[in-house]
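Structural characterization, general
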Amino acid sequence: MRLNEARKRLPVVDALPQSRSRRYLPAEAEGVDVPRPSLAVWEITLACDHRCLHCGPRAGEARPDELTTEEALDVVDQLADLGVGEVVLIGGEAYLRNDFILIARAIREKGMSCTLTTGGLGLTKTRAEAMVEAGIQSVNVSIDGLAETHDFVRNRQGSWKRAFEALGHAKAAGARICVNSQINRRSQFELLELLELLAEAGIYAWQLQITVPHGNAVDNADIVLQPYHYLELFKTLDKVAKRAEELGIVIWPGNNLGYFGPLEYRMRRHQKKASGHFTGCNAGKRTISIESNGMIKNCPSLGGGTNTGGSVRDHSLKDLWARAPELRYFRHRTQNELWGYCRECYYAEQCMGGCTAASEPLLGRIGNNPFCHHRAMEMDRKGLRERIELVSPAESDAPFSAGLFRVVREHKDPAKRAEHGVLSTDEPRISRDVEPQGPGRAI
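Here we summarise the structure given alongside this text. (Residues numbered from 1 in each chain as written. Predicted model: local features only at pLDDT ≥ 70, side-chain atom pairs only at ≥ 80, totals over all residues. Heavy atoms only, no water.)

With that out of the way, let us pick up the pairing of strand 8 (residues 287-290). Going residue by residue along strand 8, you find Thr287 and Ser289 tucked away on one face and Ile288 and Ile290 tucked away on the opposite face as well. Bridge count between strand 1 (residues 39-43) and strand 8: 4 bridges; the pairing is parallel. Bridge pairing in strand 8 places alanine 40 opposite isoleucine 288. Bridge count for strand 8 against strand 9 (residues 295-297) is 2 bridges, and the pairing is antiparallel. (Buried < 20%, exposed > 50% of the residue type's maximum accessible area, 1.4 Å probe, protein only. Helix = DSSP H or I, 4+ residues; strand = E, 2+ residues; numbered from the N terminus. Pairing = 2+ DSSP bridges.)

Another point: the nonpolar core. Counting 97 residues, the largest nonpolar core has Trp42, Leu79, Leu89, Ile143, Trp206 and Leu257 as the members making the most contacts within it. Of the residues forming this core, the biggest block, 7 residues, is contributed by helix 9 (residues 230-247). If you look at the next biggest cluster of nonpolar residues, it comprises 5 residues, including Leu46, Cys48, Cys52 and Ala59. (Core = buried A, V, L, I, M, F, W, Y, C linked by side-chain atoms within 4.5 Å.)

For the rest of this paragraph, the subject is the packing of aromatic side chains. Where two aromatic rings form a pair, the distance of their centres and the angle of their planes describe that pair. Tallied over the full model, the rule gives 6 aromatic pairs. Pairing tyrosine 230 with phenylalanine 234 gives two aromatic rings, centres 5.4 Å apart and planes at 40°, and the pair type is tilted. On the criterion of helical spacing, the pair formed by tyrosine 230 and phenylalanine 234 is a turn pair, its members being 4 residues apart in helix 9. We classify tyrosine 230 as buried; its relative accessible area is 0%. Under the relative-accessibility criterion, phenylalanine 234 is labelled buried at 7%. Aromatic side chains phenylalanine 260 and tyrosine 347 sit 4.2 Å apart centroid to centroid with 10° between the ring planes, which places their arrangement in the stacked category. In this pair, phenylalanine 260 is assigned in the loop between strand 7 (250-253) and helix 10 (264-268) and tyrosine 347 in the loop between helix 13 (341-344) and helix 14 (348-351), connecting sequence segments 87 residues apart. Judged by its relative accessible area of 23%, tyrosine 347 is partly exposed. Three or more aromatic residues joined by ring pairs form one cluster here, namely Phe260, Tyr346 and Tyr347. (Phe/Tyr/Trp six-rings, centres within 6.5 Å; stacked < 30°, edge-to-face > 60°.)

So, in structure tokens, the structure goes:
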């Protein structure tokens, strides 16, 4: 009986604070300037009312260890102290967190701008009015093609209609409205028609990006564009850019859409006014990303141990930003880390392999990115084309889990392709826990 009584007095393990990590940060190097992050992308919950076929974090259910309200408000204070100017709230679906309005208001009270990226399924008139009153200034609704395509990839019937209703609610409440669209094998043919509908809805900007094969998109890789599709895609984007100019809508290419082709200046001039072209990834340099459990990482579209620097439950945000190797890494990359075609490319020094969230999930390491307009044109000039081919599926259903692909080069002419087969490949890293393999066989 005494033993049973003693057990009753023991604390419940689940009620205890989370154990601190044993991970130590390296010392900050003296004399090294630490850049100030201007943008924070904050996944405040992984709960979501969509089940998108392309979702990188495989959103749906909240993480079991998401930050408390008190912890989240402390993160707001630390972001302000770090010098962040804009905080983008994402999910999952940010409005599914009960203290969503409180967090948004705290961001504005600290002098930072607050924007929201949403699927819009549950963005009602009441919710829109409350969040705009709290200080959310701009709302970015995800619309991925026309109705049938959008509802298919978002895996929710009626989602497209609700997304346009969300735009209307946000605009009526006083927010600036814009749209982001993932370009996939279905939506690539619908961009011009969609643009007209977005103009009628009153958007001021349209962010375009490609679907990359990680998370749910590994399981649905047939929706992902092939690299050789870029030739036709950019013919369409040429028309889109011209029409957007006529309509007064700013085209805002995501980091994974480009690079250095004849449309580069027209597509990117609003965000790269000094150069007019892609100048490399800003992950860990100007952008800091936060997961809903307080893990800090370099890029909002990547996850896992190679990209996550530690938790705000263990270290201050300032220390993580300045000292975590996973965040510092992107500030000190060199061309020596490029491989395959990207290493020999004319634009290697400026581009550095383009978007890391496109190349790492694909090949298990960064530095070689086949999703490139310039590269597709160069291959075409040689009479070749590139395509990606799944080697192994994702090993788990964890957020941002990735499979492995290879890049296959072959003749673009069907007769030559049938005669000669595969000419060369860029092979993925066999395991994400070992050193990179060679860059593949050259052409």
